[in-house]
Amino acid sequence: MSSSPAGAAAQGPGHPQHPRRIEHLDVLVVGAGISGIGAARYLKTELPAKSFAILEAREASGGTWDLFRYPGIRSDSDLHTFGYEFKPWRDEQSIADAPRILAYLRQAATENGLDAHIRYHHRVTAASWSSDRARWTVEAERTGTGERTTLTCGWLFGAGGYYRYDEGFTPHFEGRERFAGTIVHPQHWPERLDYAGKRVVVIGSGATAVTVVPAMAATAGHVTMLQRTPTYVMPVSRKDPVANVLKKVLGPRRGYALTRRRNVARQRVIWSFCRKHPKTARRLIRWANTRQLPPGYPVDVHFNPPYDPWDQRLCAVPDGDLFRAIREGRASVATDRIATFTERGVLLESGRELPADIVVTATGLNVQAFGGFPLTVDGREVRPADTVAYKGMMLSGVPNFAFAIGYTNSSWTLKVGLLCEHFCRLLAHLDAHGYDTCRPEPADPGMPTRPFLDFGAGYVRRAVDALPRQGDRRPWLSPVDYHDDIGLLRTGSVTDPELRLSRSAARAEATA
């Protein structure tokens, strides 16, 4: 539990006969977004004697909520479940915009004394594990200067999510170079893009598209959402009146806790209903869409996906803003395929041309595993696709490495909070019993596996062969239900026959 430098020279740092001083930490967290801030808070409160730092490649904290700047950016989960369990959400907006979420995350960091632990402009480039020393050696680069730095740590915690922050996904579009207007990807939104009075085509039908369209339609001349395949879209209230009353009557903490339990239960019921009764769920969603759209609108053309509800994530539209923009004629939907870009816009396979001054390619994300930096264990490269996820938070054969991946069918942070609790309990158990190494290993090497992110979204399908797997039984089966995870991660034992705990050679020598 020391944060003192390792390899210090008796004759002082910088002497040519002695190695450079390398800082050692108990835990190194990679990423200062919602997962990294949450992990650091649990470490500081549950294991106050542990030394830790957060490495953040960018110049600011907040992750997704600082990176994305496109119009209307907001959550598509309610903040009473997307927020941290330890910090009540006090704002009256339940489906909140990015500035409010970002302020909340940074308040959480400041209130818990985490700001001093965040090291900005540090991009991790590699991490290698030594079993003899029971530690990771982590190489990082100072973004902007290219300066290299090295740290060691007992545990490495990946909190960077599962997509690339430096680039989004844009498929090849024939004739793109001919287009005379502006093409923008939401992940790289220009600071001063002027779209007032302009004709805009937004390519895509996912959460980003249904957010951008009504936001731009407020001032654009007209916005067309061009989709190849429809998505399930549901109107939800931006404010939760029951939650706001509970917080007012019971106080922010008790009201928040009760709202959180209620909303978790509601999410579970809705998801389970959709999976068990997809035809009925489809009819109910269609009915809700029909009520929001103009009479005679071709709902089955533009809002009738070919897959069942929750095969992919449902898109929420606060206060039905997308439908309102369509009703008012400020936005429209085109369901077709792109034949080619033209000088004036986009030509569709049907022969129709959509004129555009601006095209927004809301075509998705690029997925990468654990920040994209290579891991090696005792000189052997770790290929994530060859590993199996243990309890949804560690990898088979990889010691002292944990990661935070949230739910795809519910609020991300619900899962992250539980696994951070479990992580802290695990570290406390290792300390109490004199262990310094923890390696998950399946007892049955022939166990059937399937993708870890067992989800139909395009960005997941494109990367599935580069991601870990999950098994068909616990602890290798990753639950998608919060209540199941409570039993596995909060109340369940941190020990398991398939989790190998040991003492390294260095620890054995130190205690001999």
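Rules and cut-offs
- Residues numbered from 1 in each chain as written.
- Predicted model: local features only at pLDDT ≥ 70, side-chain atom pairs only at ≥ 80, totals over all residues.
- Heavy atoms only, no water.
- Helix = DSSP H or I, 4+ residues; strand = E, 2+ residues; numbered from the N terminus.
- Buried < 20%, exposed > 50% of the residue type's maximum accessible area, 1.4 Å probe, protein only.
- Contact = heavy atoms within 4.5 Å.
- Salt bridge = Lys/Arg side-chain N within 4 Å of Asp/Glu carboxyl O.
- Axes fitted to C-alpha atoms, helices over the stretch in contact; angles between N-to-C directions.
- Left-handed = near helix turned anticlockwise from the far one by under 90°.
- Nonpolar A, V, L, I, M, F, W, Y, C, P; charged D, E, K, R; others polar.
- Pairing = 2+ DSSP bridges.
- Core = buried A, V, L, I, M, F, W, Y, C linked by side-chain atoms within 4.5 Å.
- Arc of directions from axis to C-beta.
- Polar contact = N/O pair within 3.5 Å; in protein donor to acceptor, adjacent residues only side chain to side chain.

Attention now goes to the environment of Asp496. If you trace the backbone, Asp496 turns up in the loop between helix H13 (482-490) and strand E28 (499-502). Residue class for Asp496 comes out partly exposed when judged on its relative accessible area of 22%. Separated by 410 residues in the primary sequence, Asp496 and Phe86 place their C-alpha atoms 28 Å from one another. Among all residues touching Asp496, those that are not within four sequence positions of it are Tyr390 and Pro475.

With that out of the way, let us pick up the pattern of salt bridges. When their charged atoms lie close together, side chains carrying opposite charge are able to pair. The final tally for this structure, using the stated rule, is 29 salt bridges. Ionic pairing is found between Asp66 and Arg69, a salt bridge with its closest N-O pair at 3.2 Å. Residue Asp66 is classed as buried on the basis of its relative accessible area of 6%. Accessibility expressed as a relative area gives 53% for Arg69, which makes it exposed. Among the charged side chains, a salt-bridge network with shared partners connects Arg58, Asp66, Arg69 and Arg106.

So, about the packing of helix H1 (residues 34-46) against helix H11 (residues 412-433). Running from N to C, H1 and H11 point in directions that differ by 35 degrees, and their axes come no closer than 9 Å. H1 and H11 meet at a crossing whose hand is right-handed. For the pair formed by H1 and H11, the contact residues are Ile34, Ser35, Gly38, Ala39, Tyr42, Leu43 and Glu46 on the first element and Trp412, Thr413, Val416, Gly417, Cys420, Glu421, Phe423, Cys424 and Leu427 on the second. Counted by class, the contact of H1 with H11 contains ten nonpolar, four polar and two charged residues.

Right, let's talk about unusual backbone geometry for a bit. Note: most peptide bonds trans; most residues except glycine with negative phi. Cis peptide bonds are those with omega within 30 degrees of zero, and the linkage from Arg474 to Pro475 qualifies with 5 degrees. You can see Pro475 is positioned in the loop between strand E27 (469-470) and H13. Positive phi, close to 55 degrees, is recorded for Ala134, a residue that is not glycine. For Ala134, the position within the fold is in the loop between strand E5 (122-130) and strand E6 (135-142). Under the relative-accessibility criterion, Ala134 is labelled buried at 9%. A positive phi angle is found at Asn400, which is not glycine, with a value near 50 degrees. As for its position among the elements, Asn400 is in the loop between strand E23 (394-395) and strand E24 (401-403).

Below, the discussion takes up the sheet that holds strand E16 (residues 345-348). Here we have three strands laid out as an open sheet, ordered E15-E16-E17, and antiparallel in their pairing. The open sheet has two edge strands, strand E15 (338-341) and strand E17 (353-355), and neither has a second partner. Taking each pair of neighbouring strands and ignoring which way they run, the sheet shows an average axis angle of 25 degrees.

This part covers the nonpolar core. One broad trend across soluble globular proteins is that nonpolar side chains are buried collectively. In terms of nonpolar packing, the biggest core is built from 128 residues, with Trp136, Trp155, Leu156, Phe157 and Phe303 touching the most fellow members. The next biggest cluster of nonpolar side chains, apart from the first, holds twelve residues, and it includes Phe173, Val201, Ile203 and Ala334.

This next bit is on helix H6 (residues 241-250). When H6 is considered as a whole, its buried residues turn out to be Ala243, Leu246 and Lys247. In an axial view of H6, the angular spread of the buried residues amounts to 95 degrees, which keeps them on one side of the axis. Structural note: H6 exposes Pro241, Lys248 and Val249 on the side pointing more than 90 degrees away from its buried face. For H6, the secondary structure elements touched by its buried residues are helix H3 (79-82) and helix H7 (252-276). The opening residue of H6, the one whose side-chain oxygen lies 3.2 Å from the backbone nitrogen of Val242, is Asp240. Two residues or fewer past H6, Gly251 is found with a positive phi of approximately 95 degrees.

Attention now goes to the side chain of Arg58. Inspection of the secondary structure assignment puts Arg58 in the loop between strand E3 (52-55) and helix H2 (64-67). Within the local environment of Arg58, its side chain forms a polar contact with the side chain of Asp66, the two groups lying 2.8 Å apart. Setting aside chain neighbours within four positions, we find Arg58 in contact with Gly63, Asp66, Leu67, Tyr120, His121 and Tyr165.

A few words on the sheet that holds strand E10 (residues 199-203). Read from one edge to the other, the open sheet built from five strands follows the order E9-E18-E10-E11-E14, with strand pairing classed as parallel. Only two strands of the sheet have a single neighbouring strand rather than two, namely strand E9 (182-184) and strand E14 (331-335). On average, each strand axis in the sheet is inclined to that of its neighbour by 20 degrees, with strand direction left out of account. Here E10 pairs with strand E18 (residues 358-361) via four bridges, running parallel. Bridge pairing in E18 links Val200 to Ile358. Of the strands in this sheet, E10, strand E11 (222-227), E14 and E18 touch helix H5 (residues 207-217), which is tilted by about 165 degrees from E11.

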